[in-house]
Structures are given as C-alpha cells and as structure tokens.
Amino acid sequence: MERIAPEFDGTFKMYLDKTDSYTFKSQYIQNARLTGENNSSLIANDLDNILIGKRGNNTLDGFNGNDIVQFTGYSDEYTINKTNDKIIVNDNKRWQRYFNKY
C-alpha cells in the first residue's frame, strides 16, 4: 500500500501521463492511500487496485480493472448513490461531527 504524502494537494495519477514526470514510476503502483486532510483525488491504472481516501473531500477513480475502495467505520455511516456512471459515497458521520460543533 503506497501512502500519498499528506501535503499532496490535487489529483495523484497512477497511470502514465508523460506531462507529469512522477507518473513514470507511479504507473506501477497497485494500491494507494491518500493521507492528510487536503481535498485530493486518486486516478488508478489498468491494474486491480485498492484505493483508500482520507479526511477531506476525495474523488477516487478506479479507471480500468476490478477495483476496491476501502472505507473505515460501519456501513450505515455512509450513503451510497449511483448517478450515471459514478457512485457517490457520502460520509454521514463526518458531516454529523461537523454540524455538532456549532
């Protein structure tokens, strides 16, 4: 499991994109986990990947392959909706904690 640096902000690519030199190595990553609290995204590759988000708003794109997204907590803490070709997962517990602060 590769851990993406907590200070990373933006979209981390796990596929070859010749305009981003880091992808010459990252294209071989199979499993990745975002760390830290920035709003970041992962775009996987053609491998069968395991993708893990973090705090903040994340977009996880499995690209190709048979991919797994891993969450922590109980399933009833999440709301899952399918819109067109996307599956949207909302962390209800995180929002509950946010609103309880005020």
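Please read all numbers here as calculations on a predicted model, not as lab measurements. (Residues numbered from 1 in each chain as written. Predicted model: local features only at pLDDT ≥ 70, side-chain atom pairs only at ≥ 80, totals over all residues. Heavy atoms only, no water.)

Engineer: What's the story with the side chain of Asn 49 in this structure? I'm lost.
Structural biologist: Position of Asn 49 relative to the elements: it lies in the loop between strand S4 (40-43) and strand S5 (50-52). Under the relative-accessibility criterion, Asn 49 is labelled buried at 1%. Among the polar contacts made by the side chain of Asn 49, one reaches the main-chain carbonyl oxygen of Gln 30 at a distance of 2.6 Å. Excluding its chain neighbours within four sequence positions, the residues that come into contact with Asn 49 are Met 14, Ile 29, Gln 30, Asn 31, Ala 44, Gly 62, Asn 64, Asn 66, Asp 67 and Ile 68. (Helix = DSSP H or I, 4+ residues; strand = E, 2+ residues; numbered from the N terminus. Buried < 20%, exposed > 50% of the residue type's maximum accessible area, 1.4 Å probe, protein only. Polar contact = N/O pair within 3.5 Å; in protein donor to acceptor, adjacent residues only side chain to side chain. Contact = heavy atoms within 4.5 Å.)

Engineer: Got a minute to help me understand the packing of aromatic side chains in this structure?
Structural biologist: Centre-to-centre distance and the angle between the planes together describe a pair of aromatic rings. Within this structure, the stated rule accounts for four aromatic pairs. Taking the centre distance of 5.7 Å and the plane angle of 80° together, the rings of Phe 8 and Phe 12 count as edge-to-face. Among the residues examined, Phe 12 registers a relative accessible area of 11% and is labelled buried. Ring centres 5.1 Å apart and planes at 50° place the aromatic pair Phe 71 and Tyr 78 in the tilted group. Overall, the relative accessible area of 43% leaves Phe 71 in the partly exposed class. (Phe/Tyr/Trp six-rings, centres within 6.5 Å; stacked < 30°, edge-to-face > 60°.)

Engineer: So what exactly am I meant to see when it comes to a nonpolar patch on the surface here?
Structural biologist: Together, Val 69, Phe 71, Ile 80, Ile 87 and Val 89 make up a nonpolar patch on the protein surface, roughly 450 Å² of accessible area in all. Among the structural elements, Ile 80 can be located in strand S8 (residues 78-83). (Patch = residues over 30% accessible without salt bridge, like charges linked within 9 Å, V, L, I, M, F, W, Y side chains within 5 Å. Areas by Shrake-Rupley, 256 points an atom, 1.4 Å probe, with all protein chains shown as cover. Salt bridge = Lys/Arg side-chain N within 4 Å of Asp/Glu carboxyl O.)

Engineer: For this particular structure, what's the right way to read the environment of Leu 60?
Structural biologist: Residue position: Leu 60 is located in strand S6 (residues 59-61). Linking Leu 60 and Lys 93, residues 33 residues apart in sequence, is a C-alpha distance of 19 Å. Those residues in contact with Leu 60 that sit more than four places away from it in its chain are Leu 34, Leu 42, Leu 51, Ile 52, Gly 53 and Val 69.

Engineer: I keep staring at the sheet that holds S6 and nothing clicks. Help me out?
Structural biologist: Sheets are built from strands paired through backbone hydrogen bonds, the pairs being either parallel or antiparallel. Pairing is parallel in the open sheet, where three strands are placed in the order S2-S4-S6. Where the open sheet ends on each side, the last strands, each with one partner, are strand S2 (10-13) and S6. The average undirected angle you get between the axes of adjacent strands in this sheet is 15°. As paired elements, S4 and S6 share three bridges and run parallel to each other. Among the inter-strand pairings, Leu 42 is bridged to a residue of S6, identified as Leu 60. (Pairing = 2+ DSSP bridges. Axes fitted to C-alpha atoms, helices over the stretch in contact; angles between N-to-C directions.)

Engineer: Help me out: how do you make sense of the pattern of salt bridges in this one?
Structural biologist: Side chains carrying opposite charge are able to pair once their charged atoms draw close together. Applying the stated criterion to the full structure yields two salt bridges. For Lys 13, the salt bridge goes to Asp 20, with nearest N and O atoms at 2.6 Å. Judged by relative accessible area, Lys 13 falls into the buried class, the value being 14%. For Asp 20, a relative accessible area of 25% gives the class partly exposed.

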